[in-house]
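# Structure at a glance
Here are the chains, one letter per residue:
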Amino acid sequence: SYMVREFSKHLQDLHAHQGRGVRALQQVNKNTWVIECQTGRPLTLRYRVYAFDPSVRAAYLDQQRCFFNGTSVCMQAHGHEDQMHELQVTTPKGVKSWRVATGLHPHRVSRSGWGTYRAANYDELIDAPMEWGDFWSGQFVAGGVEHQLVVSGAPASLDGDRLLADCQRICSAAIRMWHGRGKPPHSRYVFLLNAVGDGYGGLEHRNSTALICSRRDLPRHGEHSRGEGYVTLLGLISHEYFHTWNVKRLRPREFARYDLQGENYTELLWFFEGFTSYFDDLLL
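A few points on the structure. Keep in mind the model is a prediction, meaning the values are calculated, not measured.

### Here's the deal with the packing of aromatic side chains
In total, this model carries 18 aromatic pairs according to the counting rule given. Geometrically, the ring pair formed by tryptophan 114 and tryptophan 132 is edge-to-face, given 5.0 Å between the ring centres and 75 degrees between the ring planes. Here tryptophan 114, found in the loop between β10 (105-109) and β11 (115-119), pairs with tryptophan 132, found in strand β12 (residues 130-133); they are 18 residues apart in sequence, far enough to count as distant. A relative accessible area of 12% means that tryptophan 132 is categorised as buried.

Have a look at this one:
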């Protein structure tokens, strides 16, 4: 999101094991640890992370929901970034009604989404946030591709059919602009929308986006007019979906492979956000 976030500052109580043996580790800078371990044997790391950031950027966990970006919970194994990664998620105790929503590729998962997901590399792993909870969910097809819309904190008054229909029109218009009658670059797409008392924002990912809106801006059963708040929400959805192409795929050489250890400089923010902000309203 165009800023250095330093997620490592939220990591604590790091321990390393191989089998039953404890391995010595040393923190060499603010986000790098060196571990003395035997090659060719599995290495297990245990640690805790601060998870009470309600934004779309980090990690959040309470009794109602869990949300996280891979950047907040998944450490990078130096030299193994380009290998396949697996992420296993298990049902937390006492929340049997919770389900999982994510853009990650499911490998072996239950109907509720618990199980093992795969990513081609570390970059793909951290570019697919996860939502856990007893959320509202619906699907639609745009450009021949399945799209899932998840709303956490949805009130009983939510007119989900209307929201799905409007999102389908937005996505179809964006796909036609970029591809004509062709298909988009993603095989499926997931909107993760968190409805709160008062909030607004979003962060794009390669085949998903994390969004925050105010509950009062959601469409309600029995209402047919498009209020200013609802139009603003549709504009946010249009904006982040447009980033699927502009920024996530259409990007400068400097962003072809991100340096996750420091700043990545560019003078094209005017294009990334200005161009996208123009077209999000135009598509509406």
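### Details of the packing of helix α3 (residues 160-179) against helix α4 (residues 228-242)
Across the interface, α3 lies against α4 with an axial gap of 10 Å and an inter-helix angle of 40 degrees. Remark: the crossing between α3 and α4 carries right-handed chirality. For the pair formed by α3 and α4, the contact residues are Arg162, Leu163, Asp166, Cys167, Ile170, Cys171, Ala174, Ile175, Met177 and Trp178 on the first element and Tyr230, Leu234, Ile237, Ser238, Tyr241 and Phe242 on the second. Within the contact of α3 with α4, the residues separate by chemical class into 13 nonpolar, 1 polar and 2 charged.

### Here we look at the pairing of β12
Where burial is concerned, the two faces of β12 agree: the one with Met130 and Trp132 and the one with Glu131 and Gly133 are both buried. With 4 bridges joining them, strand β9 (residues 99-102) and β12 adopt antiparallel strand pairing. Residue pairing in the sheet places arginine 99 in a bridge with glycine 133 of β12.

### Topic: helix α5 (residues 269-283)
Relative to the 21 Å expected for 15 residues at 1.5 Å per residue, α5 spans 21 Å between its end C-alpha atoms, a close match to the ideal helical length. All of the buried residues in α5 are Phe272, Thr276, Phe279, Asp280 and Leu283. Along the axis of α5, the buried residues cluster in a sector spanning 110 degrees; they form a single face. Facing away from the buried side of α5, by more than 90 degrees, are the exposed residues Trp270, Tyr278, Asp281 and Leu282. Looking at the buried residues of α5, the elements they touch are α3 and α4.

### Examining the packing of α4 against α5
Here α4 crosses α5 at 130 degrees, and the two axes come no closer than 8 Å. By the angle between their axes, α4 is oblique relative to α5. α5 is crossed by α4, and the crossing has right-handed handedness. On α5, the residues that touch Gly235, Ser238, His239 and Phe242 of α4 are Glu273, Phe275, Thr276, Ser277, Phe279, Asp280 and Leu283. Class assignment for the residues of the contact of α4 with α5 results in 4 nonpolar, 5 polar and 2 charged.

### Considerations on α3
Counted at 1.5 Å a residue, the expected span for α3 with its 20 residues is 28 Å, and the 28 Å between its end C-alpha atoms agrees. Of the residues making up α3, those classed as buried are Gly160, Arg162, Leu163, Leu164, Asp166, Cys167, Ile170, Cys171, Ser172, Ala173, Ala174 and Ile175. Summarising the contacts, the buried residues of α3 are in contact with β13 (136-142), β14 (145-152), β15 (188-196), α4 and α5. Positive backbone phi, at 65 degrees, marks glycine 180, one or two positions downstream of α3.

Quick notes on the rules
Residues numbered from 1 in each chain as written. Predicted model: local features only at pLDDT ≥ 70, side-chain atom pairs only at ≥ 80, totals over all residues. Heavy atoms only, no water. Phe/Tyr/Trp six-rings, centres within 6.5 Å; stacked < 30°, edge-to-face > 60°. Helix = DSSP H or I, 4+ residues; strand = E, 2+ residues; numbered from the N terminus. Buried < 20%, exposed > 50% of the residue type's maximum accessible area, 1.4 Å probe, protein only. Axes fitted to C-alpha atoms, helices over the stretch in contact; angles between N-to-C directions. Left-handed = near helix turned anticlockwise from the far one by under 90°. Contact = heavy atoms within 4.5 Å. Nonpolar A, V, L, I, M, F, W, Y, C, P; charged D, E, K, R; others polar. Pairing = 2+ DSSP bridges. Expected span 1.5 Å × (residues − 1). Arc of directions from axis to C-beta. Parallel < 35°, antiparallel > 145°, perpendicular 65-115°, else oblique.

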